[in-house]
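Architecture at a glance
Each chain is listed here by its residues.
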Number of protein chains: 2
Amino acid sequence: MLSAVKRVLIGRPLKSKELGEQRLSKTKALAVLSSDALSSVAYGPEQVLIVLATVSTIAFWYSIPIAVGVLILLAALILSYRQVIFAYPHGGGAYVVSKENLGENPGLVAGGSLLVDYILTVAVSVSSGTDALTSAFPSLLHYNVIIACCLVVVITLLNLRGLTESATILAYPVYLFVLALFILFGVGLYHILTGHVPANHHSALGTPVAGIGLFLLLKAFASGCSALTGVEAISNAIPNFKKPEPVNAAKTLIAMGGLLAVLFVGIVYLAYYYGVAPKATETVVSQIARETFGRNFVYFFIQGTTALILVLAANTGFSAFPMLAVNLAKDKYIARMFTIRGDRLGYSNGIIALAVASILLIIGFKGKTESLIPLYAVGVFIPFTLAQTGMFLKWIREKPPGWVAKLITNLIGAIISGTVMMMFFITKFTQVWPVLIFLPILVLVFHRIKRHYIKVGKQLSLANCEQLKPIQGNIIIVPVAGMTHVVENSLNYAKSLRPDQIIAVYVAFEREDEKVFEEKWKKWQPDVRLVTLQSYYRSIIHPLMKFIDTVEHKASESNYNVTVMIPQFIPRKRWQNILHNQTSLLIRAFLISRKNVVISTVPFHLRE
Amino acid sequence: MLSAVKRVLIGRPLKSKELGEQRLSKTKALAVLSSDALSSVAYGPEQVLIVLATVSTIAFWYSIPIAVGVLILLAALILSYRQVIFAYPHGGGAYVVSKENLGENPGLVAGGSLLVDYILTVAVSVSSGTDALTSAFPSLLHYNVIIACCLVVVITLLNLRGLTESATILAYPVYLFVLALFILFGVGLYHILTGHVPANHHSALGTPVAGIGLFLLLKAFASGCSALTGVEAISNAIPNFKKPEPVNAAKTLIAMGGLLAVLFVGIVYLAYYYGVAPKATETVVSQIARETFGRNFVYFFIQGTTALILVLAANTGFSAFPMLAVNLAKDKYIARMFTIRGDRLGYSNGIIALAVASILLIIGFKGKTESLIPLYAVGVFIPFTLAQTGMFLKWIREKPPGWVAKLITNLIGAIISGTVMMMFFITKFTQVWPVLIFLPILVLVFHRIKRHYIKVGKQLSLANCEQLKPIQGNIIIVPVAGMTHVVENSLNYAKSLRPDQIIAVYVAFEREDEKVFEEKWKKWQPDVRLVTLQSYYRSIIHPLMKFIDTVEHKASESNYNVTVMIPQFIPRKRWQNILHNQTSLLIRAFLISRKNVVISTVPFHLRE
């Protein structure tokens, strides 16, 4: 039943051979992996204006030089990540780069902050998409948490179906969004050039503004840089591309950078020329679109695709998180299960872990995840800075042909990213301090897990030539609750193994009961030794464990092995289990972690 | 660690012999078992006035004759349940009476509605107590669900500590509440007799009222009868009394009836004489107390003890529910685990089940459980009616000395209870209809469970002489994931049992891997047969299950037994389990319900 539901939801299992068919073409990869970056143009320019508005609307002209700064950083990041792609074609992005060039801990800081960041991406983007929906249909307002969770589930299912299928579906909204903004820019520019827009709505470039300082400009710049979140995603997901992976990934990266630049500049320019001021009730993009088209069909098309791409930004997280988790798991920093491909060849454990974590965040913050945005931006610029610095050191160390140009690219990237990161910490410390707590904890956990895996590996390895205890004989203990066919079945099995000794153990609550049982037993199983234990406290577990301890202690002296054989009847229907078997489950749970005994469950299947 | 916490919370385990010391004296039993009934005088009279107020305040004088009606019903119920106590001294109350005299299904209806009713009692009384608290301290308003849940947990812990301990603590508030109301009545009467209360605040008895009819009076009467909920609790909990149980229980019942009558009449009379009208913002008891004392210390004492007893009404549920569950479980209508006494000799499974169910109700209704009150009242009057009718038939059938008087008592009780029940259904159908759905479902579930237990009993019984399959030999299958000490350990154990055949099974994901593994195996374990299975879909479970099926099918033809031996390493710390062992858990879960094979877990304890 369950597997039928699963098949309907995510499709038939795919053979391992079919992996090649699950690779992404450039157009699909661009859609899936750039939705996060592209969606951020919907709020990045607005963030700049919000900071400038704290001084005066005259200061809005500064958005133009700030946009130039963002473009420079974007160019540095794109060129730099292009170099990362060719240098580390197996993916892993900032994590691998930092680990190889800066050392283990910087690598873990980069990897850890990206892991957390993708969780934040999903929570924040889905919540903001839900907000767009509920502000259009206020009657849904009470259900925003449920709606957001359902959206995460839908995106999760799409990703569990596999990359190509989700990409096919999710590519449309991304390209429609790009198309919508291009139409907006075209018409907007036409209006400006034909003089339809009054030129006195904006202050001229260079107008002096009282009270503006470097700190404020840097803060505005850092806010604008939140539009650059997501540009690292491609470098994490290189193995998802069609062959040759690095070449295709690099081309996709350049295309994304170009698109991002055009969209960012377009919005900043139109906002500046129209003299748009940020409002609490209407987004900057909405204002631009409304002034250009009025509230007609095109306006709603732009608004609709914008809301959609905000939700789909989550999908970038779903593509990049599992790949990053694979890299961390291969290095043993997180549980091995993240390296296992699911039915549809995706790393389903990573996908599900991301979904669960982001749903918990959404529920924990009751769908109001805006306060997480600064955390999310700083969480991106930490790995940016580390990756660039790592590449910079790599070029110094390796000095390949043309290394100076590469070095300069990465140096510029590192300096700007580092500055932005510091700006986030200085200007928004009250919001981003949790990073300073959870990142070290995360790194510590990574180390603990790795240490554990290494220890386990050593103890299991045959290279470790320690001799195992030889087994000289077997003692079988059968806890019995009565004289029934279930017990008979277990005793028959025990006898068939011809151990050195079989001991049936009965825990009695009353003295009289004990005697009655012993007499009956003698008649029923004269050849099986019965031990009865008196329980003064009505616990079956405690007397039994004490007895097993004693037996095991004596047995181990002469290298005998002890097996506890638990008779268990299996009802035909699952729900019936709650009516039985509590004690046998408890016995098993107690034994498995504490005692060095083999635990056998001898099933007796009920026929009705 | 866990058991240390448990010991602090609920105390050291008690020996079964100490059961006698856990019995209740009459004063303690009165406190524990009557808190539900006594607390209902805090809202019963108010319910009557609310119905009468729909006509006119002049109609308030009808509360006096209605109170007389309630007293008659109370007397009939008390006398009748006194007879139940002597006729069925082992407890079980309405359930046992109805089952013995009316048949299985009426018994189950009575038992089922009481079980549900005690859950409602706990949820409703704790929520209303929490409301009293949060209206005194409005800053706590947002936490009302958490506070209510914590209160349930505290009461649960007290009950898990055992009856005597909880009774010792909980007796004070109950007697203080009685004292508080006695002071109120004394001072109130004094004021009236000395003429301090103007006599023109109330309409004289017999004043004609326009628009009042029989239906409305019956509705008011039914509402007033909600003050009688809880009088059945003693009859369910007879075995908790000191010896002689029935005599002590009967005396306690009479005492409770007397107290209840005095408190009910006192409040009704003072409310009538003062001319108190029900208000949304202030309870009737609060109005009476305020008019009598003003807002001084005595007023707050009365209010405080009233709030406290509303919460403690829950405790009656905790005393009666587990006893009723024991009776149902002994008759196999619910899971056997309800008959097991916990560490402190209470029926802890019943206590915990009640706590969980009521917490779920509180959370589900977000602490607003007022809408459940009618459900709860009707749920009490169904067993009242059934029990009285059952007793009536019993007297007709048995005709013991003095049976006519007994018969009349029960007949009157049955008629009035039945009328009240019908009134609830007629006047509050929109609120009580769920009873008509969940009671039949509950009865059906009871039957299903009993049928299952009977079937299981038959199949397990040795009286059923069906021969078990003889075991001619043993085949052991060891799923292996690699060549490690864990596998070696399992193989050593398997060999020590000297079965007819040992088969190691390896699931390979790649063709090459398969060959490499086979070659290495030959060198390592030349005497153990290795079967490698190719998994095209990366599932370990499916190929393994198919293989086990084949082996089992062949083995069963020649009566060979199949054992699947799962190598498992046990990490030193529990959290580390999430990093391993997922596959072995999965294999076990798949095998246990579906296949007729013995499952052995061979532990390999890691030293670090």
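Description of the structure in this document. (Residues numbered from 1 in each chain as written. Chains lettered and ligands numbered in written order. Predicted model: local features only at pLDDT ≥ 70, side-chain atom pairs only at ≥ 80, totals over all residues. Heavy atoms only, no water.)

Here's the deal with the interface of chain A and chain B
Defined as follows: Contacts were defined at the residue level, with two residues in contact if any of their heavy atoms lie within 4.5 Å. Computed with a 1.4 Å rolling probe, the buried area is the accessible surface lost when two parts are put together, summed over both parts. Salt-bridge detection follows one rule: a side-chain nitrogen of Lys or Arg within 4 Å of a carboxyl oxygen of Asp or Glu. Two strands qualify as a pair provided that DSSP identifies no fewer than 2 bridges between them. Here a helix means four or more residues in a row that DSSP labels H or I, a strand means two or more in a row labelled E, and each is numbered from the N terminus.
On the side of chain B, 74 residues touch chain A, which itself brings 74 residues to the contact. Summing the contributions of chain A and of chain B, the shared interface buries around 6,700 Å²; its carbon and sulfur component is 57%. Counting across the chain A and chain B interface gives zero salt bridges. Here strand β5 (residues 598-605) of chain A pairs with strand β5 (residues 598-605) of chain B via three bridges, running antiparallel.

Re the state of the cysteines
Heads up, the rule is: When the sulfur atoms of two cysteines come within 2.5 Å, that pair is taken as a disulfide.
One pass over the structure, following the stated rule, counts zero disulfides over all chains. Cys-150 of chain A carries a free sulfur, and the closest cysteine sulfur to it, the one in Cys-149 of chain A, is 7.0 Å from it.

Some details on the pattern of salt bridges
As a reminder, the rule being used: With a 1.4 Å probe rolled over the protein chains alone, any residue whose accessible area is under 20% of its type maximum counts as buried; one over 50% counts as exposed, and the rest are partly exposed.
A complete count under the given rule lists 16 salt bridges over all chains for this structure. Between Glu-245 of chain A and Arg-23 of chain A there is a salt bridge, with the nearest N and O atoms lying 2.8 Å from each other. In this pair, Glu-245 of chain A sits in helix α11 (residues 245-274) while Arg-23 of chain A sits in the loop between α1 (2-10) and α2 (26-39), placing the two residues 222 residues apart along the sequence. The two residues Glu-245 of chain A and Arg-23 of chain A agree in class, both being buried. Measuring nitrogen to oxygen at the nearest pair gives 3.5 Å for the salt bridge that ties Glu-514 of chain B to Arg-511 of chain B. In this pair, Glu-514 of chain B and Arg-511 of chain B are both assigned in helix α20 (residues 511-524), three residues apart and thus about one turn of the helix distant. Here Glu-514 of chain B falls in the buried class, since its relative accessible area comes to 10%. The class for Arg-511 of chain B is partly exposed, based on a relative accessible area of 47%. When salt bridges that share partners are traced, they join Lys-279, Glu-282 and Arg-290 of chain B into one network.

Focus: the packing of helix α15 (residues 373-398) of chain A against helix α18 (residues 434-460) of chain A
Packed helices, taken two at a time, are described by their axes: the angle between them and the distance between them. Residues and elements named next belong to chain A. For the record, the criterion: Helix axes are fitted to C-alpha atoms over the stretch in contact, other axes to C-alpha atoms as well, and angles between N-to-C directions run from 0 to 180 degrees. Just so you know how the angles are binned, under 35 degrees is roughly parallel, over 145 roughly antiparallel, 65 to 115 roughly perpendicular, and the rest oblique. By convention the crossing between two helices is left-handed if the near helix lies anticlockwise of the far one by an angle smaller than a right angle, and right-handed if it lies clockwise. Classification convention: Asp, Glu, Lys, Arg as charged; Ala, Val, Leu, Ile, Met, Phe, Trp, Tyr, Cys, Pro as nonpolar; all other residues, Gly among them, as polar.
Here α15 crosses α18 at 50 degrees, and the two axes come no closer than 11 Å. Put simply, α15 runs oblique to α18. Crossing of α15 over α18 shows right-handed handedness. Contact with α15, carried on its side by Leu-375, Val-378 and Ile-382, involves Pro-434, Val-435, Phe-438 and Leu-439 of α18 and no other residues of that element. Here the residues of the contact of α15 with α18 are counted per class, giving seven nonpolar, no polar and no charged.

So, unusual backbone geometry
Residues and elements named next belong to chain A. Cis geometry marks the peptide bond from Lys-243 to Pro-244, where omega comes out at -10 degrees. Relative to the helices and strands, Pro-244 is located in the loop between α10 (233-236) and α11. Backbone geometry places Lys-366, a non-glycine residue, at a positive phi of 50 degrees. In this structure, Lys-366 sits in the loop between α14 (348-364) and α15.

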